[in-house]
Amino acid sequence: MPVSDYQMVKAWNEVLKLSKVEPGQKVSILCGPHTHPQTLQTATIAAQAAGAVVTRIELQPINAEKAPSRDLMNYLGETPLTNNPVALAAMKNSDIVLDLMLLLFSPEQMEILESGTKILLAVEPPEVLVRAVPTEADRERVLAASKLLKAARKMHVTSPAGTDVTFKLGDYPTISEYGFCEEPGRWDHWPSGFLFTFANEGGSDGTIVIDRGDILLPQKNYVSDKITMQLREGFVRSIEGDIDAALLREFMEAYKDPEAYAIAHIGWGMQPRCYWHTLSLVDREATSGQDARAFEGNFLFSLGPNNEAGGPRTTPCHLDIPLRNCTVKLDDVVVVRDGKVIDEAFR
């Protein structure tokens, strides 16, 4: 469904208000040749309407010769900001950066955040952005759940498909995403509505079964047959199944990096305005798959880097895999049962 400029400006107005953008603040808009023109134009209008001093920073893409696809998350670590001190300085001197390019899992992003600058990532198409405009209620709900995750020392996940895996917790922080940045040095992603932490090093053991209909990202595919992963001491030790498993194995092998098989972030989705089915209706070139990451009740696990939370791994290979119909238990408390979030657990 087409989105009017009015709707997009209205959505940006709300997000910038929640992000506490005020008159006189410096807003940098980071973009590239792939940035959606309507998102860029309406972000500029909304930031100017808020009284901010607006600067656009357009950078050219890199890594095309290394990445096996055009997806923005297909090769992480190096970004157009790498070895670009001029652009980096401009962003560190901003109050907030609106990232319409995608600056994820990079040392430059960490440096910008450490300076106190906020970063809000928004790379989904306009029709997704206007559907999932964040609210204060989203923030309160995710933060309530995060208190439980922060205190937990074990996560146990099961599913009817055969998943039975345990993660030891406590060494890494809990990260909450709800779609806006109200505090200095905060990063968030619009749309979102989920939370996660990272398993302790060597603390992931068991079986994960990616069932038919579950989603692989960045492939942005629904799995057509089961993929079974065996985890031991924090790494995927085997990937078994039919054609989907073979494709996944070759994808990961192409990076020639053993750290690609490490368990990274683990958590669950809490956004009722994001949907499992969305990926079946949109152009895969136009989306990063954020609906799949955030839809309510998923169990989302990832493989690859953990430097986002202060860990040592910086592999360019990154997979996000949201599973349906799982039961997620923190210590002795069930927070998701058969794919349904148990809000009573957070009260």
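The preceding data block contains the structure.
Now for a look at the structure at hand. Being a predicted model, the structure only gives us computed values, none of them experimental. (Residues numbered from 1 in each chain as written. Predicted model: local features only at pLDDT ≥ 70, side-chain atom pairs only at ≥ 80, totals over all residues. Heavy atoms only, no water.)

1. Looking at the overall build of the protein
Right, so step 1: Check the secondary structure of the protein and you find eight helices and 20 strands.
Right, so step 2: The C-alpha atoms of the protein give 19 Å as radius of gyration, which agrees with the globular expectation for 347 residues (20 Å, within 12%).
Right, so step 3: Viewed in the frame of its principal axes, the protein has a C-alpha envelope of about 55 × 50 × 40 Å.
Right, so step 4: When the accessible surface of the protein is totalled, it reaches about 14,400 Å², and 51% of it is carbon and sulfur.
Right, so step 5: For the protein, the distance from the average site of its 34 positive side-chain charges to the average site of its 47 negative ones is 4 Å. (Helix = DSSP H or I, 4+ residues; strand = E, 2+ residues; numbered from the N terminus. Rg over C-alpha atoms; globule rule 2.2 N^0.38 Å. Areas by Shrake-Rupley, 256 points an atom, 1.4 Å probe, with all protein chains shown as cover. Lys, Arg positive; Asp, Glu negative; His and termini not counted. Charge placed at Lys NZ, Arg CZ, Asp CG, Glu CD.)

2. So, the sheet that holds strand E6 (residues 164-168)
Right, so step 1: With antiparallel pairing, eight strands are arranged side by side in an open sheet as E14-E13-E10-E6-E5-E18-E19-E20. Every other strand in the sheet has two partners, leaving strand E14 (235-241) and strand E20 (340-341) as the edge strands with one partner each.
Right, so step 2: The pairing of strand E5 (residues 154-158) with strand E18 (residues 327-330) spans four bridges and is classified as antiparallel. In the strand pairing of E18, His-156 is matched with Lys-329.
Right, so step 3: Contacting strand E13 (227-232) and E14, helix H7 (residues 243-253) crosses the sheet at an angle of about 145 degrees to E14. (Pairing = 2+ DSSP bridges. Contact = heavy atoms within 4.5 Å. Axes fitted to C-alpha atoms, helices over the stretch in contact; angles between N-to-C directions.)

3. Some words on the packing of helix H1 (residues 5-18) against helix H2 (residues 37-49)
Right, so step 1: Packing of H1 against H2 leaves a shortest axis separation of 8 Å and a crossing angle of 55 degrees. The angle between H1 and H2 places the two elements in the oblique class. Considering how the two elements wind past one another, H1 and H2 form a crossing that is right-handed. Contact residues: Asp-5, Met-8, Val-9, Trp-12, Asn-13 and Leu-16 in H1; Gln-38, Thr-39, Thr-42, Ala-43, Ile-45, Ala-46 and Ala-47 in H2. (Parallel < 35°, antiparallel > 145°, perpendicular 65-115°, else oblique. Left-handed = near helix turned anticlockwise from the far one by under 90°.)

4. Points about the pairing of E5
Right, so step 1: What you see with E5 is a clean split: Met-155 and Val-157 sit on the buried side and Lys-154, His-156 and Thr-158 on the side with no burial.
Right, so step 2: From the end of E5 to the start of E6, which pair antiparallel, there are five residues, and Gly-162 there has a positive phi angle of about 125 degrees. (Buried < 20%, exposed > 50% of the residue type's maximum accessible area, 1.4 Å probe, protein only.)

5. Observations regarding the nonpolar core
Right, so step 1: Judged by nonpolar contacts, the single largest core of 49 residues is most densely connected at Met-155, Phe-167, Ile-210, Met-229, Trp-268, Phe-299 and Phe-301.
Right, so step 2: When residues in this core are grouped by element, the largest group, four residues, is from H7.
Right, so step 3: Sequence-distant contacts of Phe-167, defined by excluding residues within four places in its chain, comprise Arg-153, Lys-154, Met-155, Val-157, Ala-199, Gly-203, Ser-204, Ile-208, Leu-231, Ile-263, Ile-266 and Phe-299.
Right, so step 4: If you look at the next biggest cluster of nonpolar residues, it comprises 24 residues, including Trp-12, Val-15, Leu-40 and Ala-52. (Core = buried A, V, L, I, M, F, W, Y, C linked by side-chain atoms within 4.5 Å.)

6. Details of the sheet that holds strand E4 (residues 118-121)
Right, so step 1: If you trace the five strands from one edge of the open sheet to the other, you get E2-E1-E3-E4-E8, paired in parallel fashion. Two strands in the sheet have a free side with no partner beyond their single neighbour: strand E2 (53-58) and strand E8 (187-189). Shown here is a sheet whose adjacent strand axes are inclined to one another by a mean of 20 degrees, direction ignored.
Right, so step 2: Where strand E1 (residues 26-31) and E2 come together, six bridges link them in parallel fashion. Bridging across to E2, Ser-28 finds its partner in Thr-55.
Right, so step 3: Set on the sheet, H2 makes contact with E1, E2 and strand E3 (96-99); between it and E2 the angle comes to about 155 degrees.

7. Overview of the environment of Pro-2
Right, so step 1: Residue position: Pro-2 is located in the segment before H1.
Right, so step 2: Sequence separation of Pro-2 and Trp-190 is 188 residues, and the distance between their C-alpha atoms is 19 Å.

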